[in-house]
Amino acid sequence: MNDSFGKGKAREPYVNHLVEVAHLVTEATGGADIDLAIAAVLHDAIEDAGIKAAQIEALFGPQVAGLVLEVTDDKSLPPSTRKQLQVETTPHKSPWAKMIKLADKTSNLRSIRLSPPPWPLERKRAYLRWSQAVVAGARGVNAALENAFDLAHSTLEAVLVDRA
């Protein structure tokens, strides 16, 4: 990430997103897996903050580092390719990675609704459709996370339809 603030109108601190993703997975799993919670906080560390997997492994162990790598996009690829790869690869990820994907997309949809980025309406709608396609491949791992995503999706969808 270029700075420590989100893309939304309120320019909320970016750390809020990381904490929300961790909170969602922790709450949905009853706090049963500390490595999952840590990986959720760090899920964007490699692709957005330039942190090396080796640094994560040294501090938090191989399981956390492996999980962060599993949800990290290859930034050397064009954005459209990265988006398509998320749709194609999510069904084949571990249950833990799928939970982080669900929580990440939920947080992103909530942010678009509560603090809309300065995107055209069609871009917001395209993000909504794409996030649903990614999450389709993550279903079946945690009902609470799926319900949170579905609520965020339907709430944002209603806002975007009203703006048509």
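Look up a bit, the structure's there.
These numbers were taken from a predicted model, which means no experiment stands behind them.

Calculation rules
- Residues numbered from 1 in each chain as written.
- Predicted model: local features only at pLDDT ≥ 70, side-chain atom pairs only at ≥ 80, totals over all residues.
- Heavy atoms only, no water.
- Axes fitted to C-alpha atoms, helices over the stretch in contact; angles between N-to-C directions.
- Helix = DSSP H or I, 4+ residues; strand = E, 2+ residues; numbered from the N terminus.
- Parallel < 35°, antiparallel > 145°, perpendicular 65-115°, else oblique.
- Left-handed = near helix turned anticlockwise from the far one by under 90°.
- Contact = heavy atoms within 4.5 Å.
- Nonpolar A, V, L, I, M, F, W, Y, C, P; charged D, E, K, R; others polar.
- Core = buried A, V, L, I, M, F, W, Y, C linked by side-chain atoms within 4.5 Å.
- Buried < 20%, exposed > 50% of the residue type's maximum accessible area, 1.4 Å probe, protein only.

Helix α9 (residues 143–162) packs onto helix α7 (residues 95–114) with a crossing angle of 25 degrees between their chain directions and a minimal axis gap of 9 Å. As judged from the angle between their axes, α7 and α9 are roughly parallel. Crossing of α7 against α9: the hand is left-handed. Every residue of α9 that contacts α7 at Met99, Leu102, Ala103, Lys105, Thr106, Leu109, Arg110, Ile112 and Arg113 is listed here: Leu145, Glu146, Ala148, Phe149, Ala152, His153, Thr155, Leu156 and Val159.

Let us now look at the packing of helix α1 (residues 15–28) against helix α2 (residues 34–41). Between α1 and α2, the least distance of the axes is 7 Å, while the angle of their chain directions is 155 degrees. One finds that α1 runs roughly antiparallel with respect to α2. As α1 packs across α2, the resulting crossing turns out to be right-handed. Along the contact surface, α1 presents Leu18, Val21, Ala22, Val25 and Thr26, while α2 presents Leu36, Ala37, Ala40 and Val41. For the contact of α1 with α2, the residue count by class is 8 nonpolar, 1 polar and no charged.

Another point: the nonpolar core. Ranked by internal contacts, the top residues of the largest apolar core, which has 36 residues, are Val25, Ile56, Val68, Ile100, Leu109 and Leu145. For this core, the elements supplying multiple residues, two or more each, are α1, α2, α3 (45–49), α5 (62–70), α7, α8 (121–136) and α9. At 7 residues, the largest contribution of residues to this core is made by α7. If near-sequence neighbours (up to four positions away) are discounted, Ile100 is found in contact with Val21, Val25, Leu36, Ala39, Ala40, His43, Leu67 and Val71.

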